[in-house]
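Single-letter residue listing:
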Amino acid sequence: MCVTCGCSDDSEIKITNIETGEAEHKHHHTLPDGTVITHSHIEAPQIHAKIHNTTISLEQDILAKNSLIAAQNRGWFKGRNILALNLMSSPGAGKTTLLTRTINDLKHQLSISVIEGDQETANDAKKIKETGSKVIQINTGTGCHLDASMINRGLQQLNPPLDSVVMIENVGNLVCPALFDLGEQAKVVILSVTEGEDKPLKYPHIFRASDIMILTKIDLLPYVDFDLQKCIAYAKEVNPQIQIFQVSVTTGAGLDNWYKWLTEKVVG
């Protein structure tokens with residue numbers, strides 16, 4: 001995948017169609033011109049001999065290649081009038097819980113499909129499937145983030161409808177996901193009040209790169225040592241333009257504001 005964060009290019013990416021249970025086990029490589037080559041284990045010796053030569057080295061600009069494919073993804077979304085959002089957070093912040101509540105509450109207003117990213121298991125994708133939403137699972141193996149080529153491949157299986165929403169739930173990580181453009185229209189960083197109000201200062205890049213910050217689990221504020229106003233101030237210090245929503249999936253508090261933004265983005 002990338003030398004920028006230490007992920008191995010030999011990581012095996014697995015895309016699972018939750019509807020059929022079929023898993024695609026293939027390696028993928030991105031050439032300097034943005035071309036993605038995929039192959040099975042059987043094809044590996046011949047393909048590797050062709051592409052791992054003197055013209056391809058670890059010194060290549062991984063982010064630049066990713067950006068080429070991200071631009072293709074962005075054009076694909078735009079041509080189909082699909083709103084794509086990249087949801088990022090640390091593990092346990094509540095991405096999947098927020099997603100399932102959002103899908104269930106808006107299922108009569110919006111068509112929402114989901115790309116789930118985790119290193120292993122299809123647990124979260126199964127939860128999404130219970131909502132009736134279209135979903136695929138991408139397992140990154142040792143990889144710590146999704147990249148544009150994974151999304152490109154995943155969209156072929158997901159096949160989201162026109163005039164809809166695609167939610168991309170990235171691997172739980174506050175570092176590497178911020179570096180990789182997936183072709184999304186907006187990045188959404190999710191932070192729970194159980195994590196500490198100084199997260200925007202500790203991990204500034206992901207908050208600086210995000211358009212939206214969603215503070216989750218606000219129903220727990222009376223029980224945790226979390227300074228809400230400091231957190232908001234820190235986020236604004238890092239990114240003055242960031243838009244902030246405060247929500248509780250448990251009580252429903254604040255969700256209307258999030259839903260209003262989401263529906264207006266689709267209609268707009």
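What counts and what doesn't
- Residues numbered from 1 in each chain as written.
- Predicted model: local features only at pLDDT ≥ 70, side-chain atom pairs only at ≥ 80, totals over all residues.
- Heavy atoms only, no water.
- Salt bridge = Lys/Arg side-chain N within 4 Å of Asp/Glu carboxyl O.
- Helix = DSSP H or I, 4+ residues; strand = E, 2+ residues; numbered from the N terminus.
- Buried < 20%, exposed > 50% of the residue type's maximum accessible area, 1.4 Å probe, protein only.
- 1 Å grid on protein atoms, 1.4 Å probe; cavity = no way out; pocket = protein on both sides within 12 Å on 5 of 7 lines; lining within 4 Å.
- Points joined across faces, edges and corners; volume = space filled by probe spheres on them.
- Expected span 1.5 Å × (residues − 1).
- Contact = heavy atoms within 4.5 Å.
- Core = buried A, V, L, I, M, F, W, Y, C linked by side-chain atoms within 4.5 Å.
- Axes fitted to C-alpha atoms, helices over the stretch in contact; angles between N-to-C directions.
- Left-handed = near helix turned anticlockwise from the far one by under 90°.

**Quick notes on the pattern of salt bridges**
Pairing between side chains of opposite charge can happen when their charged atoms approach one another.
Then, number 1: Under the counting rule described, the total for this entry stands at six salt bridges.
Then, number 2: The salt bridge involving Asp 124 is made with Lys 127; its shortest N-O contact spans 4.0 Å. Of this pair, Asp 124 and Lys 127 both sit in helix H4 (residues 123–129), three residues apart, which is roughly one turn of the helix.
Then, number 3: Residue classification places Lys 127 among the partly exposed residues on the basis of a relative accessible area of 45%.
Then, number 4: A salt bridge links Glu 264 to Lys 260; the shortest N-O distance between them is 2.7 Å.

**Here's the deal with the layout of surface pockets**
Then, number 1: The computed volume of the second largest pocket comes to approximately 210 Å³.
Then, number 2: If you trace the second largest pocket, you find 15 residues lining it, with Lys 78, Asn 81, Ile 82, Leu 83 and Gln 185 closest to the centre.
Then, number 3: Only helix H2 (62–79), strand E4 (83–89) and helix H9 (255–267) provide two or more residues apiece to the lining of the second largest pocket.
Then, number 4: The leading source of residues in the lining of the second largest pocket is H2, at three residues.

**As for H9**
Then, number 1: Here H9 is 13 residues long and its end C-alpha atoms lie 18 Å apart, about the 18 Å a rise of 1.5 Å per residue gives.
Then, number 2: Taken as a whole, H9 has its buried residues at Leu 255, Trp 258, Tyr 259, Trp 261, Leu 262, Thr 263 and Val 266.
Then, number 3: Looking at the packing, one finds that the buried side of H9 touches E4, helix H3 (95–106), strand E7 (165–169), strand E8 (186–192), strand E9 (212–216) and strand E10 (243–246).

**Quick word on the nonpolar core**
In summary, soluble globular proteins display a tendency toward joint burial of nonpolar side chains.
Then, number 1: The biggest cluster of nonpolar side chains holds 32 residues, and the ones touching the most others in it are Leu 85, Met 167, Ile 214, Trp 258 and Leu 262.
Then, number 2: Going through the elements one at a time, E4, H3, strand E5 (112–118), H4, E7, E8, E9 and H9 are the ones with two or more residues in this core.
Then, number 3: A per-element tally of this core places H9 first, with six residues.
Then, number 4: Beyond its immediate stretch of four places on either side in the chain, Ile 214 contacts Leu 98, Val 188, Val 189, Ile 190, Leu 191, Phe 245, Val 247 and Trp 258.

**Some thoughts on the packing of H2 against helix H5 (residues 148–158)**
Then, number 1: Viewed as axis vectors pointing N to C, H2 and H5 meet at an angle of 35°, and their least axial separation amounts to 8 Å. Note on packing geometry: the crossing formed by H2 with H5 is left-handed. Contacts between H2 and H5 pair Asn 66, Ile 69, Ala 70, Gln 72, Asn 73, Trp 76 and Phe 77 from the former with Ala 148, Ser 149, Ile 151, Asn 152 and Leu 155 from the latter.

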